[in-house]
Structures are given as structure tokens and as C-alpha cells.
Amino acid sequence: MKVLSADELLTVWEQGLNQPLLRRALILLAAAFPEIPPDNLAQMSIGQRDGLLMQLRECLFGQALLNTAVCPECAERLEWQNLLSDFLLSPDQTKAPLHKAQLHEFDLDTGGYQLLFRLPNSLDIAAVINSHHLQEQQLHQLQPQQRQLLSRCLLKIEQEGNGCDFEELPDAVLQTLSARLEALDPQADIRLNLTCPECAHEWTVLFDIASFLWTEVNDWSERMLQTVYQLAAAYGWSEQEILRLSPVRRQLYLGLMGA
Ligand SMILES: [Zn+2]
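Residues numbered from 1 in each chain as written. Predicted model: local features only at pLDDT ≥ 70, side-chain atom pairs only at ≥ 80, totals over all residues. Heavy atoms only, no water.

As annotated in an unreviewed UniProt entry, the protein chain is Phage baseplate protein from Neptunomonas qingdaonensis.

This is the structure:
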């Protein structure tokens, strides 16, 4: 992984500004992992992709995550801290050889059907979202959009040695396949169980590193541009000169302006 400079991170942010979240995640990863071909990034399973986003987040902003949620029953606001390592289920998974194009294929024999499949990747999610205008988070029930996702991931369908169509598969088979996909890519689906301290209501939230990290990069970029503006106005330095300063020096010079 490459350590991004202030200038590089601002450039990545600018490239991602008018893009959907899935593209933003891939743009961030392409900048931070130039050793991985962009096609491979897009074809990674969501869990593998999220593992890399977590590595990038640790490099940019550290291990500690401040999370917030609002209780759906009483509207109490919860705030708690996690460590990224709490969510990184299997570091080995993200350290798999990513440099050569590779497609992991899996078998499933259920209900008299023999299936060959792969894990969903960013391209699959993008295709399903584009055709249904849905959020990535809503893809975990067996809805038309999930049927479409499963159909994209199926490489071969056979019944007793004869080929058959996706449409012929009974729901029970699709449910089993769906459960296998989740079990094979646990990093793709990080859920947190919350209990409201006020009313004791219990519920589950999804932790989505892509949107979490993008929000942080966006906040950081807006603060950085503000800093550049202030220092340029006060000292007459160029944007590049200011971005090349270490964070400590930028802070010190900002502090001196008020002195
Ligand atoms: Zn509550």
C-alpha cells in the first residue's frame, strides 16, 4: 500500500465527488494500491474490497472509529467507539494474492442441483443497484434485486448432469446459495448489535466502511482546503507549498496567525 500525500488525497477526493459510493471506494483503492490492477479491484469480493478499505482507513486516520446511531424507538442518540480491528474478521483474506487476475469458484450441491458460483463483487452490486435504484445495504433479503445478484454470480447450473436455467431454481436452493455467499465472505457484512441505554430497545446496524471512510475523506478535504485558503491569504504561499508542509507545521502556522 502507498501512503497518500495530502495533495494525492485531495485529488482522489475531487475525482470521487460526483461519483456513486461504489466508484468512490474503487477510486480510493486504486490510488492507495497502485500495485493492484483496477480491474482486479472491481472484481474483488465485497469482503475483500472492504478489508483493503479498512487497511487504507487505518493508514489515513488510525484505528479508532467513532460511531453514532439514533434509537428507532425513542430517538436517543448513541455514541460509541470501536477499533477497526474489531471488524477485521480475517486479515488473511485480504492478504490473498491480489496481483494476478483470479476468479475464485465454489461448488454447491443442494436440492438435487449442482451449482458453480463466485462471490459478488463491486461490478455486480453496481449493476443491481443501477437497475433497481437501491442501496447496497438492502441487498440481503431475497428480493428481485437479490435474485439478479445471485444470477450474476452463478457460473454453471446443473440438475443430475443436465444444464438448466436460473429461472428453474426453486427458492429454497437460492436461499441456500445466498447463505453460502454470506458465509464465504463474512467481511462483506459487518453487523453491530445495539441496545438503547434509555429504553432497552435492541436492534442491528450495518457497518459500511466504504461510506464511513468516504465521509471522513470528505470532511478532511474540506478542512484542508480551508487551511490552504487561510495560510495562502496570510503568508502568500502557493497551494502546493502549503500541501507539502507536514500537518504539524500547517497547524503551527495557523496558530501563529491568531497570535
Ligand atoms: Zn431507545
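Let's pick the thread back up.
K.L.:
An account of the packing of helix 2 (residues 21-32) against helix 10 (residues 209-235) is needed here, citing residue identities and associated values.
P.N.:
Direction vectors running N to C along helix 2 and helix 10 enclose 70 degrees, while the axes themselves pass 10 Å from each other. As far as their axial angle goes, helix 10 and helix 2 are roughly perpendicular. Here helix 2 contributes Leu 21, Arg 24, Ala 25 and Leu 28 to the contact with helix 10, which in turn contributes Ala 210, Ser 211, Leu 213, Trp 214 and Val 217. Split into classes, the residues belonging to the contact of helix 2 with helix 10 amount to 7 nonpolar, 1 polar and 1 charged. (Axes fitted to C-alpha atoms, helices over the stretch in contact; angles between N-to-C directions. Helix = DSSP H or I, 4+ residues; strand = E, 2+ residues; numbered from the N terminus. Parallel < 35°, antiparallel > 145°, perpendicular 65-115°, else oblique. Contact = heavy atoms within 4.5 Å. Nonpolar A, V, L, I, M, F, W, Y, C, P; charged D, E, K, R; others polar.)

K.L.:
Go over the coordination of the zinc ion, please, and point to the residues and values.
P.N.:
Of the protein atoms, only Cys 71 (SG), Cys 74 (SG), Cys 196 (SG) and Cys 199 (SG) coordinate the zinc ion, at distances of 2.3 Å. Coordination at the zinc ion is tetrahedral: its 4 donor atoms span angles of 106 to 112 degrees at the metal. Each donor residue of the zinc ion belongs to the same chain, with the gaps between them written as C-x2-C-x121-C-x2-C. (Donors = N, O, S within 2.8 Å, 3.2 Å for Na, K, Ca; no water. Tetrahedral: all angles 85-135°; square planar, octahedral: opposite > 155°, others 65-115°.)

K.L.:
Provide a residue-level description of the pattern of salt bridges, including the pertinent values.
P.N.:
Applying the stated criterion across every chain yields a total of 9 salt bridges. Glu 8 is the salt-bridge partner of Lys 2, the closest N and O atoms lying 2.7 Å from each other. For Arg 191, the salt bridge is made with Asp 189, and the minimal N-O distance between the two is 2.9 Å. Exposure remark for Asp 189: the relative accessible area of 15% places this residue in the buried category. Several salt bridges converge on common partners, so that one network encompasses Arg 118, Asp 124 and Arg 152. (Salt bridge = Lys/Arg side-chain N within 4 Å of Asp/Glu carboxyl O. Buried < 20%, exposed > 50% of the residue type's maximum accessible area, 1.4 Å probe, protein only.)

K.L.:
Pulling in residues and values, what's your account of the packing of helix 8 (residues 144-153) against helix 9 (residues 171-184)?
P.N.:
For the pair helix 8 and helix 9, the least separation of the axes is 11 Å and the interaxial angle reads 70 degrees. Relative to helix 9, the element helix 8 lies roughly perpendicular. Counting all contacts with helix 8, which are made through Gln 146, Arg 147 and Leu 150, the residues of helix 9 involved are Asp 171, Leu 174, Leu 177, Ser 178 and Leu 181. Grouping the constituent residues of the contact of helix 8 with helix 9 by class yields 4 nonpolar, 2 polar and 2 charged.

K.L.:
Give a description of the pairing of strand 5 (residues 154-159) that names residues and reports values.
P.N.:
With 5 bridges connecting them, strand 4 (residues 113-117) and strand 5 associate as antiparallel partners. In the sheet register, Leu 116 faces strand 5, and the bridge partner there is Lys 156. The pairing of strand 5 with strand 6 (residues 162-163) spans 2 bridges and is classified as antiparallel. Residue pairing for strand 6: Gln 159 is matched across the bridge by Asn 162. (Pairing = 2+ DSSP bridges.)

K.L.:
Could you give an account of the packing of aromatic side chains, with specific residues and numbers?
P.N.:
Under the definition given, this model contains 6 aromatic pairs. Geometrically, the ring pair formed by Tyr 235 and Trp 237 is stacked, given 4.5 Å between the ring centres and 10 degrees between the ring planes. Trp 237 sits in the partly exposed class, given a relative accessible area of 26%. Each ring, one from Tyr 235 and one from Tyr 253, has its centre 5.6 Å from the other, and the planes form 65 degrees; the classification is edge-to-face. Placement of Tyr 235 in helix 10 and of Tyr 253 in helix 12 (residues 247-257) is noted, with a sequence separation of 18 residues between them. (Phe/Tyr/Trp six-rings, centres within 6.5 Å; stacked < 30°, edge-to-face > 60°.)

K.L.:
Could you give an account of a negative patch on the surface, with specific residues and numbers?
P.N.:
On the surface, Glu 105, Asp 107, Asp 109 and Glu 160 cluster together into a negatively charged patch. Considering the arrangement of structural elements, one finds Glu 160 in the loop between strand 5 and strand 6. (Patch = residues over 30% accessible without salt bridge, like charges linked within 9 Å, V, L, I, M, F, W, Y side chains within 5 Å. Areas by Shrake-Rupley, 256 points an atom, 1.4 Å probe, with all protein chains shown as cover. Lys, Arg positive; Asp, Glu negative; His and termini not counted. Charge placed at Lys NZ, Arg CZ, Asp CG, Glu CD.)

K.L.:
Tell me what's going on with helix 10, and back it up with residues and numbers.
P.N.:
End to end, helix 10 covers 38 Å across 27 residues, agreeing with the expected 39 Å (1.5 Å per residue, within 8%). Positive backbone phi, approximately 75 degrees, marks Gly 236, located one or two places after helix 10. (Expected span 1.5 Å × (residues − 1).)

K.L.:
Describe in detail the sheet that holds strand 4, supporting the description with residues and values.
P.N.:
Taken in spatial order, the 4 strands line up as 3-4-5-6 in an open sheet, and their pairing is antiparallel. The sheet is open, and its two edges are formed by strand 3 (106-110) and strand 6, each paired on a single side. Packed onto the sheet, helix 8 meets strand 4 and strand 5 and runs at close to 90 degrees relative to strand 5. Against the sheet, helix 9 engages strand 3, strand 4 and strand 5, with an angle of about 145 degrees to strand 3.

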